[in-house]
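# Coordinate analysis (summary)
Here are the chains, one letter per residue:
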Amino acid sequence: MSNLNNITWHEPKITNEDRRNQTGHGSYVLWFTGLSGSGKSTIANAVSNYLYRQGINEYVLDGDNVRYGLNKDLGFSDDDRKENIRRIGEVAKLFVDSGKIVITAFISPFCSEREQVRNLLKEGEFIEVFVDCPLDECERRDPKQLYSKARSGEIKEFTGIDSPYEAPENPEISIRSDQLSVEQSVEQIISYLEKKNII
Ligand SMILES: Nc1ncnc2c1ncn2[C@@H]1O[C@H](COP(=O)(O)OS(=O)(=O)O)[C@@H](OP(=O)(O)O)[C@H]1O
Ligand SMILES: Nc1ncnc2c1ncn2[C@@H]1O[C@H](COP(=O)(O)OP(=O)(O)O)[C@@H](O)[C@H]1O
């Protein structure tokens with residue numbers, strides 16, 4: 001139960017503008033969403049590499065990794081996934097306040113929770129990247145052998161099999177990862193960021 005009665009918000013002395021002057025770039029969230037196996041982690045890490053080599057202050061928050069620590073108390077029910085995304089949204093906001101470009105790679109299956117994160121941030125700070133890959137291709141890739149476990153019933157509530165995925169209706173960037181190479185996907189994202197003067 002939240003109780004904000006005795007909590008005081010401290011306005012930081014160092015502003016976003018100060019941080020922008022120091023790093024030479026603004027801070028944003030590149031929010032990847034898509035089915036398991038669609039390529040979120042692969043493309044997010046390739047974008048991270050590219051930005052890092054350009055001297056940009058970036059950091060990747062990845063689904064599996066965050067579930068090892070911060071969110072290890074959460075499973076894959078709808079409610080747990082919603083709480084997962086709520087916490088990650090708050091963490092992403094802290095990273096944005098710290099001046100970074102934060103790249104997140106979570107299935108984030110529900111439109112409402114992704115919109116909630118968008119609304120936590122200032123206009124333009126949330127860049128939704130839909131890694132659009134048909135289920136049968138994700139299942140063919142099956143990099144962690146999770147689809148085969150889901151089909152055999154060993155894993156329950158698996159996204160795309162017996163748990164829903166709501167595709168974004170209006171993402172800033174949409175990547176057909178079954179049609180583009182990883183390099184082409186990175187190019188598409190970087191050219192968006194350049195066009196918007198983000199980098
Ligand atoms: N039931 C079920 N459904 C979906 N995914 C599962 C499940 N069980 C384990 N995994 C593994 O957990 C990764 C997804 O975690 P996320 O935090 O991104 O999921 S969510 O946003 O809360 O829906 C996901 O990682 P990615 O494959 O990288 O998407 C899986 O490796
Ligand atoms: N064009 C592509 N873009 C991204 N991943 C691809 C592509 N073609 C094949 N793959 C493979 O698909 C798998 C995607 O896995 P991963 O990046 O972990 O996806 P997710 O994080 O969405 O679960 C990797 O094994 C990757 O090498």
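In case you missed it, the structure is sitting above this.
What you see is a predicted model, and the numbers here were worked out from it, not measured in a lab.

About the criteria used
- Residues numbered from 1 in each chain as written.
- Chains lettered and ligands numbered in written order.
- Predicted model: local features only at pLDDT ≥ 70, side-chain atom pairs only at ≥ 80, totals over all residues.
- Heavy atoms only, no water.
- Near = heavy atom within 4 Å.
- Polar contact = N/O pair within 3.5 Å; in protein donor to acceptor, adjacent residues only side chain to side chain.
- Areas by Shrake-Rupley, 256 points an atom, 1.4 Å probe, with all protein chains shown as cover.
- Helix = DSSP H or I, 4+ residues; strand = E, 2+ residues; numbered from the N terminus.
- Nonpolar A, V, L, I, M, F, W, Y, C, P; charged D, E, K, R; others polar.
- Expected span 1.5 Å × (residues − 1).
- Axes fitted to C-alpha atoms, helices over the stretch in contact; angles between N-to-C directions.
- Parallel < 35°, antiparallel > 145°, perpendicular 65-115°, else oblique.
- Left-handed = near helix turned anticlockwise from the far one by under 90°.
- Contact = heavy atoms within 4.5 Å.
- Core = buried A, V, L, I, M, F, W, Y, C linked by side-chain atoms within 4.5 Å.
- Buried < 20%, exposed > 50% of the residue type's maximum accessible area, 1.4 Å probe, protein only.
- Pairing = 2+ DSSP bridges.
- Phe/Tyr/Trp six-rings, centres within 6.5 Å; stacked < 30°, edge-to-face > 60°.

## What to know about the site of ligand 1
Among the 21 residues in the neighbourhood of ligand 1, the closest are listed as S36, R81, N84, S108 and E157. At a separation of 3.2 Å, an oxygen atom of ligand 1 approaches a polar side-chain atom of D64. Its free accessible area being 620 Å², ligand 1 has 93% of it covered by the protein chains. Secondary-structure elements contributing two or more residues to the shell around ligand 1 are α3 (63-68) and α4 (78-97). Across the shell around ligand 1, the residue classes break down as eight nonpolar, six polar and seven charged.

## Details of helix α8 (residues 182-195)
With 14 residues, α8 extends 20 Å between its outermost C-alpha atoms, agreeing within 8% with the 20 Å of an ideal straight helix rising 1.5 Å per residue. After α8 finishes, the residue N197 shows a positive phi value of roughly 60 degrees.

## Digging into the packing of helix α2 (residues 40-53) against α8
One can describe the packing of α2 onto α8 by two numbers: an axis separation of 9 Å at closest approach and a directional angle of 55 degrees. With respect to their mutual orientation, α2 and α8 come out oblique. Handedness of the α2/α8 crossing: right-handed. Counted together, T42, I43, A46, V47, Y50 and L51 of α2 and V182, S185, V186, I189, I190, L193 and E194 of α8 form the full contact between these two elements. Split by residue class, the contact of α2 with α8 holds ten nonpolar, two polar and one charged.

## Notes on the nonpolar core
In this structure, L30, F32, V47, I189 and L193 are the most contacted members of the largest nonpolar core, which totals 23 residues. Looking at this core, the elements with two or more residues in it are β1 (28-33), α2, β3 (101-105), β4 (126-132), β5 (173-176) and α8. By size, the runner-up hydrophobic cluster in this structure holds 14 residues, among which are V66, F95, V102 and F106.

## Examining the sheet that holds β4
In spatial order, the strands read β2-β3-β1-β4-β5; together these five strands make up an open sheet with parallel pairing. The outermost strands of the open sheet, each flanked by one partner alone, are β2 (58-62) and β5. Between one strand axis and the next, the sheet turns through 20 degrees on average, direction left out of account. Here β1 runs beside β4; their pairing, made up of five bridges, is parallel. Residue T33 lies in a different strand from β4, and its bridge partner there is F130. The strands touched by α2 are β1, β2, β3, β4 and β5; relative to β3, the strand with the most contacts, the crossing angle is about 165 degrees. Contacting β1, β2 and β3, α4 crosses the sheet at an angle of about 150 degrees to β1.

## Quick word on the environment of S36
Structurally, the position occupied by S36 is in the loop between β1 and α2. Expressed as a C-alpha distance, the spacing of S36 and C133, which sit 97 residues apart in the sequence, is 9.6 Å. Ignoring anything within four residues of it in the chain, the contact list for S36 reads I107, C138, Y147 and F158.

## Describing the packing of aromatic side chains
Enumeration over the complete set of coordinates arrives at five aromatic pairs. Aromatic pair F130 and Y165: ring centres 6.2 Å apart, planes at 20 degrees, arrangement stacked. A residue pair is termed long-range when its members are at least 10 positions apart, and F130 in strand β4 and Y165 in the loop between α7 (146-152) and β5 qualify at 35 residues. A relative accessible area of 10% means that F130 is categorised as buried. By the ring-pair criterion, three or more aromatic residues cluster together here, those being W31, F106 and F126.

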